[in-house]
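Residue-level listing of the chains:
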Number of protein chains: 2
Amino acid sequence: MSLLVVGSIALDTVETPFGSVVDALGGSATYFSLAAGLFGEVRLVGVVGEDFPEDYRRILAGRGIDTAGLVTRPGRTFRWTGAYKGAMNEAETLAVELNVFGDFNPDLPEEYRDSGFVFLANGLPSVQKAVLRQVPDARLVVCDTMNYYIENALDDLRDLLTEVDALVLNDQEARMLTGVDSLVRAGRIILTMGPTFVVIKKGEHGALLVARDGVAALPAYPTGEVKDPTGAGDSFAGGMMGSIAASGDFSFEGIKRAMGYGTAVASLTVEGFGTEALRAASRQDVEGRVRQLREMLRF
Amino acid sequence: MSLLVVGSIALDTVETPFGSVVDALGGSATYFSLAAGLFGEVRLVGVVGEDFPEDYRRILAGRGIDTAGLVTRPGRTFRWTGAYKGAMNEAETLAVELNVFGDFNPDLPEEYRDSGFVFLANGLPSVQKAVLRQVPDARLVVCDTMNYYIENALDDLRDLLTEVDALVLNDQEARMLTGVDSLVRAGRIILTMGPTFVVIKKGEHGALLVARDGVAALPAYPTGEVKDPTGAGDSFAGGMMGSIAASGDFSFEGIKRAMGYGTAVASLTVEGFGTEALRAASRQDVEGRVRQLREMLRF
């Protein structure tokens, strides 16, 4: 079924102990789409400036992503500059230029309004909510958020959480949102805020699902070849949502299986700089890694 | 087959956000034995002072642990005082009194010398090596270590690693020993130091196996009821080694299965203060949790 994503499209400048890139294709909606596009149709809603390279449009089109919702505005594309050190578990943000993304208020193309599966990537909760109003038929709406909005837009975020089906966020954000250190407990508290399930991303340590039906933890795929963690979380979400949209199954078991797919895609993403390895990955590569993951977890 | 453990037996004073205990039964060999004792015979080698409570001996005997190697020396028992805060991932050591453990140089009872499986818990590498000399028939020798010995006895530790089959240590220790942040890479570097496999313990994030035959990650069991993480790592090792000694299987698949058992036992341990929950756990409780873990990891 149709999967819609709304989020950022960026030019990323990133340095890790293994190398660096300048103005590479990035952004949450980009990683999400490239990942979800491995499973089926993806409708991308985002904004870029006039400087957005034609090559990058071709990369999105190359994955079969529907870019009818990708608008171009006068000005520069959103830029993010960051660095990873040591175990590379957390990015250090060195600079952010919101540019055209700063006052992005998505108006969905008419033909997107029947989307069945919706992912609201990181963004202002009030904007995420405005998008939600434009997809009345959605069967499953999942949102992401980040520390900035937990600190600066908590009321709007709590309001949004009463209207979505699920929240995806990282471990530090889950602790910040709930004030609780145990991630299982944090997840359970988030369930009381509205969502029927929460997926807590733990970077190299995998992900935790807390749902009304139960709790499940999956490790990350133990690749020794991490070059650049940028986009790992969004690739995970894209693989997960792509898998759910393809199967239509978001029962507890369905989500768990989808998390396995997300884990596989994320592990491929981090093995290259920027979107490089993710772009090169095929559905077969993902299936291969899912098989390895299943085999690894059988004991 | 017979499993031998050499390590500390302590009186622990511990504070966590959920409560505290004073002079509770603790120590690496204690947690290891209580965990491994769920799977079969355990031979315990350690030292206590004249103040070691009779009740604590009964706890060990109650698990059927062979205490012929537990010697009592004039003086006080080893004492450790620590605290856990926040996510409780790391203990803050507030005080250590080595007491009779300070010059412990184990002389194994004659009837222990045919032990087939040996675990050298945390201790001076030179002492660990001296024990190794007394178990000439061991089929599998696994050792643990800690930051203190990596910093202060590195030559002895590296010497020991050329003679053992495996090393169990935590993530920070693996990074410290190798100077490498990626745990998969760190594990591979440790393999070049001698061991045929390495198990890296990651606390609430589970454990990683790096062997010549492959790599595998298992998550921790996501219990929301962590009260006191003391002894989790030693319980994990005890469950793992107990399972290996019971099956005799230390192939890659055998180790993985054993890690599943270690994970289950550790998750029970942390749900109570000190050894409380571990002592109360039965083999059936462990099997129940292993079943849940297997079910959780099937997707």
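Residues numbered from 1 in each chain as written. Chains lettered and ligands numbered in written order. Predicted model: local features only at pLDDT ≥ 70, side-chain atom pairs only at ≥ 80, totals over all residues.

Quick look at the overall build of chain A now. Tallying secondary structure elements over chain A gives 11 helices and 13 strands in all. Relative to the globule expectation of 19 Å for 299 residues, the C-alpha radius of gyration of chain A, 17 Å, shows essentially globular dimensions. Counting only C-alpha atoms, chain A reaches 50 × 40 × 35 Å along its principal axes. By residue count, 54% of the 299 residues in chain A fall in the buried class. Within chain A, contacts between residues at least 6 apart in sequence are counted, and of these 66% link residues at least 24 apart. (Helix = DSSP H or I, 4+ residues; strand = E, 2+ residues; numbered from the N terminus. Rg over C-alpha atoms; globule rule 2.2 N^0.38 Å. Buried ≥ 20, exposed ≤ 12 C-beta atoms within 10 Å, placed from the backbone. Contact = placed C-beta atoms within 7 Å.)

Turning next to the relation of the copies chain A and chain B. One copy of the chain maps onto the other through a rotation about an axis plus a displacement along that axis. Of the transformation placing chain A onto chain B, the axial shift is 0.0 Å and the rotation is 180°, giving an RMSD of 0.0 Å. The two molecules are tied by a two-fold rotation axis, judged by turn and shift. Minimal C-alpha distance to the rotation axis in chain A is attained by proline 219 of chain A, lying at 2.6 Å. Looking at the interface residues of chain A, 100% of them are also at the interface in chain B, so both copies use one shared face. (Least-squares fit on C-alpha atoms with pLDDT ≥ 70 in both.)

This part covers the sheet that holds strand S10 (residues 166-170) of chain B. Residues and elements named next belong to chain B. Across the sheet, 9 strands lie side by side as S5-S4-S1-S8-S9-S10-S11-S12-S13; this open sheet has mixed pairing. Both outer strands of the open sheet, strand S5 (66-73) and strand S13 (214-218), are each paired with one neighbouring strand and no more. Ignoring which end each strand starts from, the neighbouring axes of this sheet average 15° apart. Across 4 bridges, the pairing between strand S1 (residues 3-6) and strand S8 (residues 117-120) is parallel. Looking across to S8, one finds that valine 5 is bridged to phenylalanine 119. (Pairing = 2+ DSSP bridges. Axes fitted to C-alpha atoms, helices over the stretch in contact; angles between N-to-C directions.)

Moving on, we come to helix H6 (residues 171-178) of chain A. Residue and element names in this part refer to chain A. Buried within H6 we find Asp171, Glu173, Ala174, Arg175 and Leu177. Next to the buried residues of H6 lie helix H4 (147-152), strand S10 (166-170), helix H7 (183-191) and strand S11 (197-201). Glycine 179 sits one or two positions beyond H6 and adopts a positive phi of about 75°.

This part is about the interface of chain A and chain B. Taken together, the contact pairs 27 residues of chain A with 27 residues of chain B. Of all the elements in the fold, those that place two or more residues in the side of chain A that touches chain B are H7, strand S13 (214-218) and helix H9 (252-269) of chain A. If you tally residues by element for the side of chain A that touches chain B, the top one is S13 of chain A, at 4 residues.

Turning next to the environment of tyrosine 84 of chain A. Residues and elements named next belong to chain A. Mapped onto the fold, tyrosine 84 is located in the loop between strand S6 (78-83) and strand S7 (92-97). The exposure class assigned to tyrosine 84 is buried, which follows from the 20 C-beta atoms found within 10 Å. For the pair formed by tyrosine 84 and aspartate 228, sequence separation is 144 residues and the distance between their alpha carbons is 7.9 Å. Apart from residues no more than four positions distant in its own chain, tyrosine 84 is found in contact with Thr16, Ala91 and Pro229.

A few words now on the pairing of S1 of chain B. All names here are of chain B. Across the two faces of S1 the burial is the same, with Leu3 and Val5 and Leu4 and Val6 all buried. As paired elements, S1 and strand S4 (residues 42-49) share 4 bridges and run parallel to each other. Bridging across to S4, valine 6 finds its partner in valine 45.

With that settled, the discussion passes to the packing of helix H1 (residues 28-36) of chain B against helix H8 (residues 232-247) of chain B. Residues and elements named next belong to chain B. Between H1 and H8, the least distance of the axes is 7 Å, while the angle of their chain directions is 40°. Relative to H8, the element H1 is oriented oblique. Every pair of crossing elements has a handedness; the one defined by H1 and H8 is right-handed. Together, Ser28, Tyr31, Phe32, Ser33, Leu34, Ala35 and Ala36 of H1 and Asp234, Ser235, Ala237, Gly238, Gly239, Met241 and Gly242 of H8 make up the contact between the two elements. Looking at the contact of H1 with H8, its residues break down into 7 nonpolar, 6 polar and 1 charged. (Parallel < 35°, antiparallel > 145°, perpendicular 65-115°, else oblique. Left-handed = near helix turned anticlockwise from the far one by under 90°. Nonpolar A, V, L, I, M, F, W, Y, C, P; charged D, E, K, R; others polar.)

Attention shifts here to the sheet that holds strand S7 (residues 92-97) of chain B. Residues and elements named next belong to chain B. What the 4 strands build is an open sheet, ordered S3-S2-S6-S7; its pairing is mixed. Of all strands in the sheet, those bounded by a partner on one side alone are strand S3 (19-26) and S7. The average angle at which neighbouring strand axes cross in this sheet is 15°, direction not considered. Looking at chain direction, strand S6 (residues 78-83) and S7 are connected through 5 bridges and run antiparallel. Residue pairing in the sheet places threonine 81 in a bridge with alanine 95 of S7.

Residues other than glycine seldom take positive phi values, yet asparagine 99 of chain A does so here, at roughly 50°. If you trace the backbone, asparagine 99 of chain A turns up in the loop between S7 and strand S8 (117-120).

Formed by 198 residues in total, the largest nonpolar core has its most connected members in Val5, Leu209 and Met241 of chain A together with Val5, Leu209 and Met241 of chain B. Ignoring anything within four residues of it in the chain, the contact list for leucine 209 of chain A reads Phe197, Val199, Val215, Ala216, Ile255, Lys256 and Met259 of chain A. (Core = buried A, V, L, I, M, F, W, Y, C linked by C-beta atoms within 7 Å.)

Attention now moves to H8 of chain B. What sets the pattern is the α-helix's 3.6 residues per turn: residues three or four places apart point alike. Residues and elements named next belong to chain B. Helix length check: H8 (16 residues) gives 22 Å between terminal C-alpha atoms against 22 Å at 1.5 Å per residue, within 8%. Counting buried residues along H8, 14 of its 16 residues qualify, which places the element largely inside the surrounding structure. Positive backbone phi, approximately 70°, marks glycine 248, located one or two places after H8. (Expected span 1.5 Å × (residues − 1).)

Residue and element names in this part refer to chain A. Most of strand S9 (residues 140-144) sits out of view: 5 of its 5 residues are buried. Going residue by residue along S9, you find Leu140, Val142 and Asp144 tucked away on one face and Val141 and Cys143 tucked away on the opposite face as well. Assessed by its sense of winding, the connection that carries the chain from S8 through helix H3 (residues 125-132) to S9 is right-handed. (Right-handed = clockwise from strand over helix to strand, strands pointing away.)

What follows concerns the confidence of the model for chain A. In the predicted model, chain A carries a mean pLDDT of 96, and the fraction of residues at 70 or more is 100%. The complex model carries a pTM of 0.95, and its ipTM stands at 0.92. (pLDDT = per-residue confidence, 0-100.)

All names here are of chain B. The interhelical angle for the contact between helix H6 (residues 171-178) and helix H7 (residues 183-191), taken along N-to-C directions, is 60°, at an axis separation of 9 Å. Taken together, the axis directions place H6 and H7 in an arrangement best described as oblique. By crossing handedness, the relation of H6 to H7 is classed as left-handed. Residues Asp171, Ala174, Arg175, Leu177 and Thr178 of H6 pack against Leu183, Ala186, Gly187, Ile189 and Ile190 of H7. Across the contact of H6 with H7, the residue classes tally to 6 nonpolar, 2 polar and 2 charged.

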